[in-house]
Structure formats: C-alpha cells, structure tokens
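A structural walkthrough
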Amino acid sequence: MAGSMGDSAPDTGQREPYLYRERTKYSPEEEERLERQHFWKIIDAFRYYRTHVQERVNRTERQFRSLPQKHQRLLSGFLPNLAKIRRCVDQNYEVLQAIVHNCIHMFENIEYGDDDNTRKVGPSSTFDMDKLKSTIKQFVRDWSETGKAERDSCYTPLVEEIQRQFPPDQCDASKVSVLVPGAGLGRLTWEIARLGYACQGNEWSFFMLFSSNFVLNRCEKVNDLMLYPWVHQFSNNKLSADQTRPVYFPDVNPQSLPPNSNFSMTAGDFLEVYTDPNTWDCVATCFFIDTAHNVVDYIETIWNILKPGGVWINLGPLLYHFENMANELSIELSYEDIKDVILKYGFQLEAERESVLTTYTENDRSMLKYLYDCVFFVVRKPADHLSNGALSPKDNQLDNSVEKGETAT
Ligand SMILES: C[S@@+](CC[C@H](N)C(=O)[O-])C[C@H]1O[C@@H](n2cnc3c(N)ncnc32)[C@H](O)[C@@H]1O
C-alpha cells in the first residue's frame, strides 16, 4: 500500500459529539492513541464476525425448534439449510481473517503495536458488524463478474468522461492526475490507472482499507476466492439456495496493471489529507459526496485542490450518511442547493444528467431492490482562475465567483 494514514482517526464512530471545525482539538499523542484504538476495534470486528453471525443463526434454530413438531416436519429442508448457512459463514470468516492477517504492517508511518493474538475479542457493535457485512458486499460490486452490470452503470460514465476530457491520443495520460475520494475497494481507481492516467484513491474506513489492500496486493489468481455475500439476508429470498450462493473474486488479476502504471491509495479523511491547492487535473467522485457532514466542505476542498482548468466529475445519490446519527453534524442539501453552491464557488457546469439509474451492491435475486436515481455532472474550475483557490465563504471573493458562476451556466 503506497500512501500513509492521515493525521486523525478515520472514523467518528466512538467519538464525542461532532464539533464543527474542531476535529483538531486532540493533541497529536491523543490523536495517535485514538487511531490505534480505532484500528484494533476494526480488527476485532473482523475477528468477531463468526460469533456474531452464528449467534444470529442459533436464534433462528431455536425459534424453529420451538415450532410444533408437525410444522417442523413440513419444513424438512430448514435445518439442513441452516447448516449450510453456518458453513458459508465459516468460509466468509476464513476470508476475513486472511484480510486482516498482517494488517499491522500495512501503513508506512504508524505503529499499531503487536498483535499477540491473546487479546480477548469482545463483542463488536451492531454498527461495526453491519459495516463488515457491507464490506463483504462491496467485493461483489468492485471485484466480481456479478458486479459488472453495476460497475457499468456507476463507473463507466465517469471513466468515459475522463477519456473525453483527457483523450489518451491527444495528451500524455500519465501526466493527468486523477483523484478518487472515497475509493471503497479501489476498482474505479484501478480502472482509471489501467487506462494510463495517474490515479490515486483515498479512503477513510479501515474496513475498506484492509479489504482493498488484500485484494489489490495479495490476490492474483482470477476467481480464486469465494465469499457468500447474501448469507446474512434472511428475508426476501425466492429460493433458500439464494441465501447461500457464492460469489467469486477477483474477476480480473488486480496485479495486471500495465507496466509503469501510476496507481496509489491513501488512507485518511479526504478533507484532512488533501489540502495542497492546484494539484489535481481531475477529481472523480462516485457515491461519495453524501458521506459528508457538510457537503460544502467537500465542494470547497475539491475547488481548492483542482488545478485551474481541472474538472470534477461526479455520479451518485444524496443518501446522507450522517442523517440519522446522534451527535453527528449532518447538513442534508438537495441537489438544487448543492449545484447552487458549486456555481457560487466559480465552477462552470459542462455536463449534467439528472437521472442516471444505478444500484449499489445489489443482490440481483432479492425480492427487495433499491434503485438510485443518481445525478451525474461535470464541472470545471476555470482555467483563468489565478488565486490558489483556497476560497471560503468568509472571503469576499465568494461574491465575485457568484457572478462568475451565474454567467457560466
Ligand atoms: C458509498 S461508499 C462508495 C465507495 C466507492 N466510491 C463506490 O462507488 O463503490 C463511500 C465511501 O467513502 C468513504 N468515505 C466516507 N467519508 C470519507 C472521507 N471523509 N474521506 C475519505 N473517504 C471517505 C467511505 O468509507 C466509503 O468507502
């Protein structure tokens, strides 16, 4: 893994109430201590997985056994299916242990202490277990043949736009720097790098970072590994076997990037890692902007880090991640308001599609499916923008850019 941890703990899950713009209130030592604590909490979540899911299966078994005998006899396949579910969970657990194996050496600039294996793994929170289950499903989206249709709907519009903006036959793609904040398991970043662009993914969640490190650096053989991503879904199955069907990964060899490719991943909060102005030719965000406490912070950072003339390409919904979290700041803006702010910063709107239908880690056999009606847009920081771009609403500059933005559309 190239890249290093950002300065702060990557998750606010166990922290005190969010205080806007006061995330640096801890001393560097305290920050490090919190980060170490968080790191081990997520490792523990990977280790607790089997116990957590097996307990869930135990509950189902107990309830089944409490039914009248004649009902149980009518459902002769039920217990064998539960036994199968247990085997799937064991297989998932094996992969999860491989993912966290040797993770303490993953980051270049931080020591997490020894993994002596004697630490008692206590129960993890439901929140962390849900994140782990989502991470398992993320393998389907990013690194399986099953996820291809989803990648085609989510990643292809971004990739095609990058190729349109920076045609490889008209520029030196290796000199075009593309940043993918909220990179998940890294497939979009990888695809962009595969086309010859200098592409860096940034990610903040240890669940994702451990997993992307595993798939990118330690998996080579196509479809060599297996996960059961839907095994936690007890409702909305048409066939019992739908719950226990495997998905194979990786669908491509992640190590097969062309020689001299420029691909990297960094760890840490996008807002804290990316502060150098006028650095990137392109920022590509996919299902990312709604992860913000305050999406205006993201817009401001993207404006700041793009070179004059650089483009921001976005695709995604607005499912605000912090909306229902106690003690977390969450500003839920409509797309209309977001667009207005983007233009006020001075971005020029170059393309916009307000209805791109996509899915996200979809179980294609489930009786319940979610469809996202996403927005796709391309906005440019004007080439003649000479300041360092470090604009903030308190600057008087914003008034000038309001005019600029409005004339641009
Ligand atoms: C909904 S997922 C999308 C992942 C990927 N772009 C995709 O389309 O599959 C959002 C990702 O952004 C990451 N993320 C959220 N806040 C972040 C931040 N402040 N800095 C970096 N990554 C962040 C999350 O951990 C998560 O992996």
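The present account deals with the structure reproduced in this document. Nothing here was measured: the structure is a model prediction, and the numbers come from that model.

What counts as what
Residues numbered from 1 in each chain as written. Predicted model: local features only at pLDDT ≥ 70, side-chain atom pairs only at ≥ 80, totals over all residues. Heavy atoms only, no water. Buried < 20%, exposed > 50% of the residue type's maximum accessible area, 1.4 Å probe, protein only. Helix = DSSP H or I, 4+ residues; strand = E, 2+ residues; numbered from the N terminus. Contact = heavy atoms within 4.5 Å. Axes fitted to C-alpha atoms, helices over the stretch in contact; angles between N-to-C directions. Left-handed = near helix turned anticlockwise from the far one by under 90°. Nonpolar A, V, L, I, M, F, W, Y, C, P; charged D, E, K, R; others polar. Core = buried A, V, L, I, M, F, W, Y, C linked by side-chain atoms within 4.5 Å. Near = heavy atom within 4 Å. Polar contact = N/O pair within 3.5 Å; in protein donor to acceptor, adjacent residues only side chain to side chain. Pairing = 2+ DSSP bridges. Phe/Tyr/Trp six-rings, centres within 6.5 Å; stacked < 30°, edge-to-face > 60°. Lys NZ or Arg CZ within 6 Å of the ring centre and 35° of its normal.

What follows is about helix α11 (residues 295-305). A large share of α11 lies buried, amounting to 11 of its 11 residues. Of all the residues in α11, the buried ones are Val295, Val296, Asp297, Tyr298, Ile299, Glu300, Thr301, Ile302, Trp303, Asn304 and Ile305. Turning to α11, the residues buried within the fold contact β1 (177-181), α10 (270-273), β6 (280-286), β7 (306-316) and α12 (335-345).

Moving on, we come to the packing of helix α4 (residues 126-143) against helix α8 (residues 206-218). One can describe the packing of α4 onto α8 by two numbers: an axis separation of 10 Å at closest approach and a directional angle of 35°. Classified by chirality, the crossing of α8 by α4 is right-handed. Taking contact as the criterion, the partners of Asp128, Lys131, Leu132, Thr135, Gln138, Phe139 and Trp143 in α4 are, on α8, Phe207, Met208, Ser211, Val215 and Leu216. Looking at the contact of α4 with α8 residue by residue, the class counts come to seven nonpolar, three polar and two charged.

In terms of nonpolar packing, the biggest core is built from 75 residues, with Phe39 and Phe210 touching the most fellow members. Ranked by the residues each element gives to this core, the list is headed by helix α1 (residues 28-65), at 10 residues. Ignoring anything within four residues of it in the chain, the contact list for phenylalanine 210 reads Phe39, Ile42, Ile43, Phe46, Ile99, Val100, Cys103, Met106 and Phe107. By size, the runner-up hydrophobic cluster in this structure holds 29 residues, among which are Val296, Tyr320, Tyr335 and Tyr345.

This part covers the site of the ligand. Near the ligand lie 19 residues; those nearest to it are Gln138, Arg141, Gly182, Glu203 and Asp269. Here cysteine 286 contributes a backbone N or O atom positioned 2.9 Å from a nitrogen atom of the ligand. Mapped by element, the contributors of at least two residues to the shell around the ligand are α4 and β2 (198-203). Residue composition of the shell around the ligand, by class: nine nonpolar, seven polar and three charged.

Time to look at the pairing of strand β9 (residues 372-380). Along any regular strand, the residues point their side chains to alternate faces of the sheet. Of all nine residues in β9, eight are buried, a share of seventy percent or more. Across six bridges, the pairing between β7 and β9 is antiparallel. Residue pairing across strands places asparagine 314 opposite phenylalanine 377, the latter belonging to β9. Two elements, strand β8 (residues 348-358) and β9, share eight bridges in a ladder whose sense is antiparallel. Within β9, the position partnered with valine 356 by the bridge is cysteine 374.

Turning our attention to the packing of aromatic side chains. Counted according to the given criterion, the structure contains 20 aromatic pairs. Taken together, a centroid distance of 5.5 Å and an interplanar angle of 90° make the contact between phenylalanine 39 and phenylalanine 206 edge-to-face. Of this pair, phenylalanine 39 sits in helix α1 while phenylalanine 206 sits in helix α8, and the two are 167 residues apart along the sequence. Considered together, phenylalanine 39 and phenylalanine 206 belong to a single accessibility category, that of buried residues. With a centroid separation of 5.8 Å and 55° between ring planes, the pair formed by tryptophan 312 and phenylalanine 347 is classed as tilted. Within this pair, whereas tryptophan 312 is found in strand β7, its partner phenylalanine 347 is found in the loop between α12 and β8, the two being separated by 35 residues in sequence. Looking at phenylalanine 347, the relative accessible area reads 0%, which means it is buried. One aromatic cluster in this structure is built from Phe39, Trp40, Phe46, Phe206, Phe207 and Phe210. Over the face of the ring belonging to phenylalanine 287 we find arginine 141, whose NZ or CZ atom lies 5.0 Å from the ring centre. Over the ring of phenylalanine 376 we find arginine 353; its NZ or CZ atom is 4.4 Å from the centre of that ring.

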